There are 2 protein chains.
Amino acid sequence: MSAKIILFDAYGTLFDVYTVKEKCEEFYEGKGESISRLWREKQLEYCFLSQLTQKYEPFDQLTRKGLQAALDQMGENYDTERIDTLFKAYEQLQPFEETETVLKQLSGRKTAIFSNGTKGMLDPLIRHNGFEELIGSISADGIRQYKPAPAAYSYAMEKLGAAKEDILFVSCNQWDIAGAASFGFKTVWINRKEEPLSRLGFKPHKQLNSLEGLAEIG
Amino acid sequence: MSAKIILFDAYGTLFDVYTVKEKCEEFYEGKGESISRLWREKQLEYCFLSQLTQKYEPFDQLTRKGLQAALDQMGENYDTERIDTLFKAYEQLQPFEETETVLKQLSGRKTAIFSNGTKGMLDPLIRHNGFEELIGSISADGIRQYKPAPAAYSYAMEKLGAAKEDILFVSCNQWDIAGAASFGFKTVWINRKEEPLSRLGFKPHKQLNSLEGLAEIG
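Residues numbered from 1 in each chain as written. Chains lettered and ligands numbered in written order. Predicted model: local features only at pLDDT ≥ 70, side-chain atom pairs only at ≥ 80, totals over all residues. Heavy atoms only, no water.

- For chain A, the name recorded in an unreviewed UniProt entry is Haloacid dehalogenase type II, with Metabacillus mangrovi as its organism.

See the structure below:
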């Protein structure tokens, strides 16, 4: 495909959001896994609802509120300090097994992260993982419009000073592929769990089951 | 509150979407319940994604695609005829136990349904249940913008020739309450399953656990 720029989603694509479960487990024994799942679900629900109702709130706030909602739903107790501590785990997410190798394979290419997370969430995460020489970040917070809204992808394109057809967008999230593909980016769907393709009609240019093999495509 | 107009969501609020499970059960024994749940989930997912990406598709099409996606995910077989037959069940949903009584209690008041469903879905459903003397329908399809987008509620308001403060909006769906409340309608959340209130910050004016008691509020 020979795209000029390879643009990556962050959460679930380069970094595993469910690695917060270890921190959750410290406070809620035996429930780390389920809290981490519900937390992600609520975070996305709030992000989409915020975009749909056109009442923007930054992703760090929605991530905190999503955690509170998950704990509410599970009937667990918490206070502000606990929420702060667990939120910190989002800045210390672990990458997937192959993330670093693949980013290194692509080190001669132009790459960037484009995420709904704020710069204040993304940059500490990149530093925590020692990736600051490998990749930089663009946040949808810059335009206060969340992916998968077209305005968000358009903003990333402007920040990169690139044309639509120059960008190869990589995400594990089907909703993100839907948005990017319908906006006009070339896309690679990292389908880690072998989910069926959406019936909505958009198609990724390519599917992979991990980031491996991206260097040959991009 | 003495609103001039009581505006109802349809699916899940006046009519029970999970009553399609009986028809699903005829074709997929023992799986009617889970298909009906996943179908609703996928229908909403597609509706929101369609709105988020600004690629409008009418709700009847999204309802069909949502059913296909549910069956895909469950590894079940189907053909076009099967999808047509099951989709028909959406025009024959059963109302909740109290729906008819409450609509009759409100018969001296101005009421309407405002739904993401198309007129072609809503009007047969109203007729099927013999409610045509009790309530009429407005569809977000008229403006090709789905609830909970502000443009959708604005359209309903214009169709009713009413001011924001004249409208009391009733829904079982918290995302719908979020949209209506942030747009500026007075709202009643029919919280049938005693869900916790969202952390997003909007507040319904009133919560009820069924439609009963609405006549006293509205």
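Here the narrative resumes, following the displayed structure.
1. Quick look at the relation of the copies chain B and chain A
Alright, step 1. In screw terms, the move from chain B to chain A is a rotation of 180° and a rise of 0.0 Å along the axis, fitting with an RMSD of 0.0 Å. The two molecules are tied by a two-fold rotation axis, judged by turn and shift. Proximity to the rotation axis, assessed at the C-alpha, singles out Leu-52 of chain B in chain B; its C-alpha lies 3.2 Å from the axis.
Alright, step 2. By residue overlap, the copies meet face to face through one surface: 100% of the interface positions of chain B are interface positions in chain A. (Least-squares fit on C-alpha atoms with pLDDT ≥ 70 in both. Contact = heavy atoms within 4.5 Å.)

2. Overview of the sheet that holds strand β8 (residues 206-208) of chain A
Residues and elements named next belong to chain A.
Alright, step 1. Spatial ordering of the open sheet is given by β5-β4-β1-β6-β7-β8, a layout of 6 strands whose pairing is parallel. On the outer flanks of this sheet lie β5 (137-139) and β8, each paired with one strand and no other. Strand-to-strand twist in this sheet, taken as the mean axis angle between neighbours without regard to direction, amounts to 25°.
Alright, step 2. Pairing geometry for strand β1 (residues 5-8) and strand β6 (residues 167-171), over 4 bridges, is parallel. Pairing of Ile-6 across the sheet is with Leu-168, part of β6.
Alright, step 3. Sitting on the sheet, helix α6 (residues 119-128) is in contact with β4 (110-115) and β5, with an inclination near 160° to β5.
Alright, step 4. Along the sheet, helix α8 (residues 174-183) makes contact with β6 and β7 (186-190), crossing β7 at roughly 175°. (Pairing = 2+ DSSP bridges. Helix = DSSP H or I, 4+ residues; strand = E, 2+ residues; numbered from the N terminus. Axes fitted to C-alpha atoms, helices over the stretch in contact; angles between N-to-C directions.)

3. Notes on the interface of chain B and chain A
Alright, step 1. Listed as interface residues are 27 residues of chain B and, on the opposing side, 27 residues of chain A.
Alright, step 2. Considering only the side of chain B, the residues that lose the most area to chain A are Leu-52, Arg-199 and Leu-200 of chain B, jointly responsible for 34% of the buried surface there.
Alright, step 3. At the boundary of chain B and chain A, one finds 2 salt bridges.
Alright, step 4. A salt bridge links Arg-199 of chain B to Asp-72 of chain A, with the shortest nitrogen-to-oxygen separation between them at 2.8 Å.
Alright, step 5. The interface formed by chain B and chain A contains 8 residue pairs in polar contact (both at pLDDT 80 or more).
Alright, step 6. Among the elements of the structure, α2 (32-52), α3 (59-73) and α8 (174-183) of chain B are those that each provide at least two residues to the side of chain B that touches chain A.
Alright, step 7. With 6 residues, α3 of chain B is the largest single contributor of residues to the side of chain B that touches chain A. (Buried area = accessible area lost by both parts, 1.4 Å probe. Salt bridge = Lys/Arg side-chain N within 4 Å of Asp/Glu carboxyl O. Polar contact = N/O pair within 3.5 Å; in protein donor to acceptor, adjacent residues only side chain to side chain.)

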